[in-house]
Amino acid sequence: MDRAQKEKVVEELGQIFESSGVVVVAHYAGLTVAEMQDLRARMRAAGGSVRVAKNRLAKIALEGKPCASIASLLTGMTVLTYSEDPVAAAKVAEAFAKDNSKFEILGGAMGETALDRAGVKAVSDMPSREELIASIAACIGAPASNIAGAIGAPASNIASILSTIEERAEAA
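Below is a summary of the structure that appears in this document. (Residues numbered from 1 in each chain as written. Predicted model: local features only at pLDDT ≥ 70, side-chain atom pairs only at ≥ 80, totals over all residues. Heavy atoms only, no water.)

### Considerations on the packing of helix α2 (residues 33-45) against helix α4 (residues 88-99)
At step 1: Two elements in contact, α2 and α4, have axes separated by 10 Å at closest approach and are oriented at 150°. With respect to each other, α2 and α4 are oriented roughly antiparallel. Read as a crossing pair, α2 and α4 show a hand that is right-handed. Every residue of α4 that contacts α2 at Glu35, Asp38, Leu39, Arg42 and Met43 is listed here: Ala89, Val92, Ala93, Ala95, Phe96 and Asp99.
At step 2: Residue composition of the contact of α2 with α4, grouped by class: seven nonpolar, no polar and four charged. (Axes fitted to C-alpha atoms, helices over the stretch in contact; angles between N-to-C directions. Helix = DSSP H or I, 4+ residues; strand = E, 2+ residues; numbered from the N terminus. Parallel < 35°, antiparallel > 145°, perpendicular 65-115°, else oblique. Left-handed = near helix turned anticlockwise from the far one by under 90°. Contact = heavy atoms within 4.5 Å. Nonpolar A, V, L, I, M, F, W, Y, C, P; charged D, E, K, R; others polar.)

### Re the sheet that holds strand β3 (residues 78-83)
At step 1: One open sheet accounts for five strands, arranged β2-β3-β1-β4-β5; its pairing is antiparallel. The outermost strands of the open sheet, each flanked by one partner alone, are β2 (48-51) and β5 (113-115). The mean angle between the axes of side-by-side strands here comes to 15°, regardless of whether they run parallel or antiparallel.
At step 2: As defined by bridge partners, strand β1 (residues 22-27) adjoins β3 across six bridges and the pair is classed as antiparallel. Note on β3: the bridge partner recorded for Ala26 is Val79. (Pairing = 2+ DSSP bridges.)

### Some words on a positive patch on the surface
At step 1: Together, Lys6, Lys54, Arg56 and Lys59 make up a positively charged patch on the protein surface.
At step 2: Within the fold, Arg56 resides in helix α3 (residues 55-62). (Patch = residues over 30% accessible without salt bridge, like charges linked within 9 Å, V, L, I, M, F, W, Y side chains within 5 Å. Areas by Shrake-Rupley, 256 points an atom, 1.4 Å probe, with all protein chains shown as cover. Salt bridge = Lys/Arg side-chain N within 4 Å of Asp/Glu carboxyl O. Lys, Arg positive; Asp, Glu negative; His and termini not counted. Charge placed at Lys NZ, Arg CZ, Asp CG, Glu CD.)

### Comments concerning the side chain of Ser20
At step 1: Looking at the element boundaries, Ser20 is found in the loop between α1 (3-19) and β1.
At step 2: A relative accessible area of 13% means that Ser20 is categorised as buried.
At step 3: A polar contact is formed between the side chain of Ser20 and the backbone oxygen of Ile16, at a distance of 2.7 Å.
At step 4: Leave out the neighbours within four places in its chain, and Ser20 touches Tyr82, Ser83 and Glu84. (Buried < 20%, exposed > 50% of the residue type's maximum accessible area, 1.4 Å probe, protein only. Polar contact = N/O pair within 3.5 Å; in protein donor to acceptor, adjacent residues only side chain to side chain.)

### Brief notes about the nonpolar core
Grouped burial of nonpolar side chains is what soluble globular proteins tend to show.
At step 1: With 21 residues, the main nonpolar core has Val24, Met36, Leu39, Val79, Phe103 and Ile105 as its most contacted residues.
At step 2: Mapped by element, the contributors of at least two residues to this core are β1, α2, α4 and α5 (117-125).
At step 3: Here the element with the most residues in this core is α4; it accounts for six residues.
At step 4: Among the nonpolar cores identified, the runner-up in size contains 19 residues, and Leu13, Phe17, Ala61 and Leu73 belong to it. (Core = buried A, V, L, I, M, F, W, Y, C linked by side-chain atoms within 4.5 Å.)

As structure tokens, this is what we get:
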């Protein structure tokens, strides 16, 4: 890799560190190519990405960035998982770590907040943006459906009373 390529990688990593809602750092020594492809596919499906880069270049890219605190985690064979959604990358990384013992999460960063192993686990347990939107929509929709049910109920009760009266009239 020549100097121009290294500068390009540092610039790309800098963009990742600035724009990501969460960055998770993990060791991946011993994972097969198929397992790495599985991780990449899972992350892509969740709206995130996976990046393997030289630790030295990643440390240079971290200088002056909000998540510079993760520089100490960049030792050995590390992989970066990241997403704009503050929860997606952590959820996928946790799920993948459960399935693969060779994938060891070291920590990460959420904006300026450094996350240790327990912090990444806590973030992964939070509801995602889509889950929050769905629960808010359900809360907003629930009173409307209750009102519609209350308005519709008297009409159905009146209809059943009228049909009962008609049946009695016909029987008599």
